[in-house]
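Results of the structural survey
Chain by chain, the residues:
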Amino acid sequence: MASRRNGFKKEKESFILSVDVGTTSIKCHVYDKETKVRGSCTTKVVLLYPEPGLVEMDPEAMWEGFVTVVRGAVQDAGVQMRQIEALGISTLRSTFTTWDRTTGVPFHNLISWQDLRASDLVRSWNRSCTMIAIQSMMKVLHFLSRQKYFLAASLVVFSTQHVTFRLLWALTHYKQLSQAVAEGNCCFGTIDTWLLYKLTKGLVHATDYSNASATGMFDTYQMCWSRSLCALLSLPLSILPKVRNTGRHFGYTDPSIFGVSIPIMSVMADQQAAMFGQCCFDVGDVKITMGTGTFMNINTGNKPHTSIGGLYPVVGWKIGPEVVYLAEGNAADTGTAIKWAQELELFSDVQQTSDMAYSVADSDGVCFVPSFSGLQAPLNDPKACASFMGLKPSTTKCHLVRSILESIAFRNKQLYETMLKETQIPITKIRVDGGVCCNDFVMQLTADLFGRKIARPHHHEMSCLGAAFVAGLGVGFWKSREDLKKLQSTERVFLPQGAPLGNGGAGGPSGEYLPILQSWEGALRRSMNWYSRP
């Protein structure tokens, strides 16, 4: 007799399985045709800190965690593996390992995007005569051609967040790795590539365009690995995976893993997957993910955006002949700031913070600068420090909490205005996801400062849903993107309150936030260039 749950006969149904691998957890959901989550399973990712500044993950533990959540979610749904039509995978970006092409054994742990081991190398290259010469040449080309591309290239600096220099560090510090490269026996891969390799028992060494475009080694204009950059840094092209469409048949899971062969129909980077999950398919659609950090993406259509203000052009997805590009800005310390405040015992439950902020009329002149990891676009200052300013005897915990939440909304405003100014693309809609979007105070203030309505979905795990959508479209589980839009649900829409304030159509309740915002911008300037080195 077929298993029954929620009144359905499961043997006659089919489902889409989707896994989202994040920095701190691995989550798997089983979706039905109405996008209802029928089963879930989550496990934690253990971060390793072998030395100060080094952040790693065990690749085998990552693989075991992946298998565990897939089995757990299917069991939780009360269905059979043979009822799974397709598997979609979403992963965090720019975290990588290398392994023996023959044995599949890693040469080292996964090196996280947060890892700083290459900071001296990055600093050295950014100050090098080679970089100065390249930047000068780009300025000359811009002067002669007036093409924005050359101006943007003249402002490029390397970062530890991209894979490039962490891979260069690994190649020079791991003897087995450099030897394997010389012998043509090495594979490189971000987490998606590592999981594909394991799922197919070594048959597939590939990534997709969305993940490749976030490594810092990919040319989003030519849509291939950057031969010029790899030649400049002596990075071997031979170890890099093939770059495939985001939505395609990547292969089957080996039947020994889950008992059946499941087609792998999508591989996506997490932020791009969240964009697809929010149905931001049209030019001008904006998605804001507020988790550990904030990632703001705008759909720029079929052309990559050339930025001079710190936005980063990435491939959103490539499905069939269609390529969709996104411009991305980020602020590193969003959930980080809230978690830090909780550890200081400013509050016990994060759900209290919105009420605490609303319990006081203002922050009593207190400004918080959320820059534990420096300041990203549009300020781009890795030497900035986090700070409280304007403290006085009358300051309470509620004032401190309100100032922290305000700072998140203020950084959102900076990113939004940079996006408006740089892209010159009319905004069509704004949708949010991530844990911090549950905070009503942050969301309402963000809507006020933007002067735009902001929609919050019922479910906030959009990366998982986005990967499921792409996989489901690939096997006909869902017929079209219009069908996906009909399945979209909104829990609340935050409408802007008050009169317009400042540039870009930003708003605020009767302009009350103009002096507060100006004070915060003053605190921001005082926090910049604080440290002698990043």
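Everything numeric in this text was worked out from a predicted model, so none of it was measured.

**Considerations on unusual backbone geometry**
Of the consecutive residues Ala377 and Pro378, the connecting peptide bond is found in the cis state with omega at 5 degrees. Mapped onto the elements of the fold, Pro378 is located in the loop between strand S21 (367-369) and strand S22 (387-389). A positive phi angle, near 60 degrees, is found at Ser94, a position not held by glycine. Examined against the element boundaries, Ser94 turns out to sit in the loop between strand S7 (84-91) and strand S8 (96-100). We note that Ser234 has phi near 60 degrees; this positive angle belongs to a residue other than glycine. Along the chain, the position of Ser234 falls in the loop between helix H9 (227-233) and strand S14 (242-244). The exposure class assigned to Ser234 is exposed, which follows from its relative accessible area of 59%.

**Things to note about a nonpolar patch on the surface**
Among the surface-exposed residues, Val140, Phe143 and Leu144 lie close enough to one another that they form a single nonpolar patch of about 360 Å² accessible area. Residue Leu144 is classed as exposed on the basis of its relative accessible area, which comes to 66%.

**A word on the sheet that holds strand S15 (residues 247-252)**
The strand order S5-S4-S3-S7-S16-S15 describes an open sheet built from six strands, whose pairing is mixed. Of all strands in the sheet, those with a lone pairing partner are strand S5 (37-44) and S15, marking the two edges. Across the sheet, the mean angle separating the axes of adjacent strands is 25 degrees when strand polarity is ignored. Alignment of strand S3 (residues 15-21) against strand S4 (residues 25-31), held across six bridges, turns out to be antiparallel. When the sheet's bridge partners are listed, Asp20 is paired in S4 with Lys27. Running at roughly 150 degrees to S5, helix H1 (residues 59-77) makes contact with S3, S4, S5 and S7 of the sheet. Set on the sheet, helix H11 (residues 270-277) makes contact with S3, S7 and strand S16 (263-269); between it and S16 the angle comes to about 105 degrees.

**A short note on the packing of aromatic side chains**
Across all of its chains, the model carries 22 aromatic pairs by this definition. Ring geometry for Phe96 and Phe188: centres 5.5 Å apart, planes at 40 degrees, overall tilted. Of this pair, Phe96 sits in strand S8 while Phe188 sits in strand S10 (residues 186-190), and the two are 92 residues apart along the sequence. Phe96 sits in the buried class, given a relative accessible area of 0%. On the accessibility criterion, Phe188 (1% relative accessible area) is buried. Above the face of the Trp169 ring, Arg117 is positioned so that its terminal group lies 4.8 Å from the ring centre. Over the ring of Phe281 we find Arg481, and its NZ or CZ is 5.4 Å from the ring centre.

**Here's the deal with the pairing of strand S20 (residues 322-331)**
Taken across its 10 residues, S20 has nine buried, putting it largely inside the fold. Bridge analysis of strand S18 (residues 294-301) against S20 gives seven bridges, and the strand direction is antiparallel. From the neighbouring strand, Thr294 faces S20, where its bridge partner is Ala331. Inspection of the sheet shows strand S19 (residues 312-319) paired to S20 by seven bridges, in the antiparallel sense. Within the sheet, the bridge partner assigned to Ile319 lies in S20 and is Glu322. Where S19 folds back on S20, the antiparallel hairpin that results is connected by two residues, among which Gly320 adopts a positive phi of roughly 65 degrees.

**Observations regarding the confidence of the model for the protein**
Predicted confidence across the protein gives a mean pLDDT of 91, with 94% of residues reaching 70 or more. Below pLDDT 50 for its whole length, residues 503-510 participates in 31 contacts with residues either more than four positions away or in separate chains.

**Examining the nonpolar core**
Nonpolar side chains tend toward joint burial in soluble globular proteins. Residues Ile288, Met290, Met296, Leu405 and Ile430 are the most contacted members of the largest nonpolar core, which totals 53 residues. When residues of this core are assigned to their parent elements, the largest contribution, 11 residues, is made by helix H14 (residues 397-423). In terms of nonpolar packing, the next biggest core, distinct from the first, is built from 42 residues, Leu47, Cys187, Trp194 and Phe258 among them.

**Side note on the pattern of salt bridges**
If you walk through the whole model with that rule in mind, you get 19 salt bridges. As a salt-bridge pair, Arg117 and Asp115 come within 2.8 Å of each other at their nearest N and O atoms. The burial state of Arg117 is the same as that of Asp115; both residues are buried. Shared partners join several salt bridges into a network, and the residues in it are Asp440, Arg456, Glu491 and Arg492.

**Description of helix H12 (residues 335-343)**
Buried within H12 are the following residues: Gly335, Ala337, Ile338 and Ala341. Seen end-on, H12 carries its buried residues on one side only, within an arc spanning 160 degrees. Opposite its buried face, H12 presents the exposed residues Lys339 and Glu343, each directed more than 90 degrees away. Packing partners of the buried residues in H12 comprise S21 and H14. Backbone geometry just downstream of H12 places Glu345 in the positive-phi region, at approximately 65 degrees.

About the cut-offs
Think of each chain on its own: its residues are numbered from 1, step by step along the sequence as written. Only residues with pLDDT of at least 70 get local features here, since the model is predicted, and only at 80 or more are side-chain atom pairs given and counted; chain-wide, interface and lining totals rely on the full set of residues. Based on all heavy atoms of the structure, the side-chain values leave hydrogens and waters out of the count. Helix numbering and strand numbering both begin at the N terminus, where a helix is a DSSP run of H or I of at least 4 residues and a strand a DSSP run of E of at least 2. Think of it in three bands: with a 1.4 Å probe and only protein chains considered, a residue is buried below 20% of the maximum accessible area for its type, exposed above 50%, and partly exposed in between. Patch members must show over 30% relative accessible area and no salt bridge, and they are joined within 9 Å when carrying like charges or within 5 Å when they are nonpolar side chains of Val, Leu, Ile, Met, Phe, Trp or Tyr. For the accessible areas, the method is Shrake-Rupley and the probe is 1.4 Å, while residue cover comes only from the protein chains on display. For salt bridges, the criterion is a side-chain nitrogen of Lys or Arg within 4 Å of an Asp or Glu carboxyl oxygen. Any two strands between which DSSP finds at least two bridges are classified as paired. Note on geometry: axes are lines fitted to C-alpha atoms, helical ones only across the stretch in contact, with angles between N-to-C directions running from 0 to 180 degrees. In this description, contact between two residues means that some pair of their heavy atoms is separated by no more than 4.5 Å. By convention, a stacked pair of Phe, Tyr or Trp rings (six-membered ring in the case of Trp) has centres within 6.5 Å and planes under 30 degrees apart, an edge-to-face pair has planes over 60 apart, and any other such pair is tilted. Throughout this description, the term charge over a ring refers to an Arg CZ or Lys NZ atom that lies within 6 Å of the ring centre and within 35 degrees of the ring normal. The predictor's confidence in any single residue is recorded as pLDDT, a number from 0 to 100. Here, the term nonpolar core denotes a set of buried Ala, Val, Leu, Ile, Met, Phe, Trp, Tyr and Cys residues that are joined through side-chain atoms within 4.5 Å. Directions are taken from the helix axis to each C-beta atom, and the arc is the one they span.

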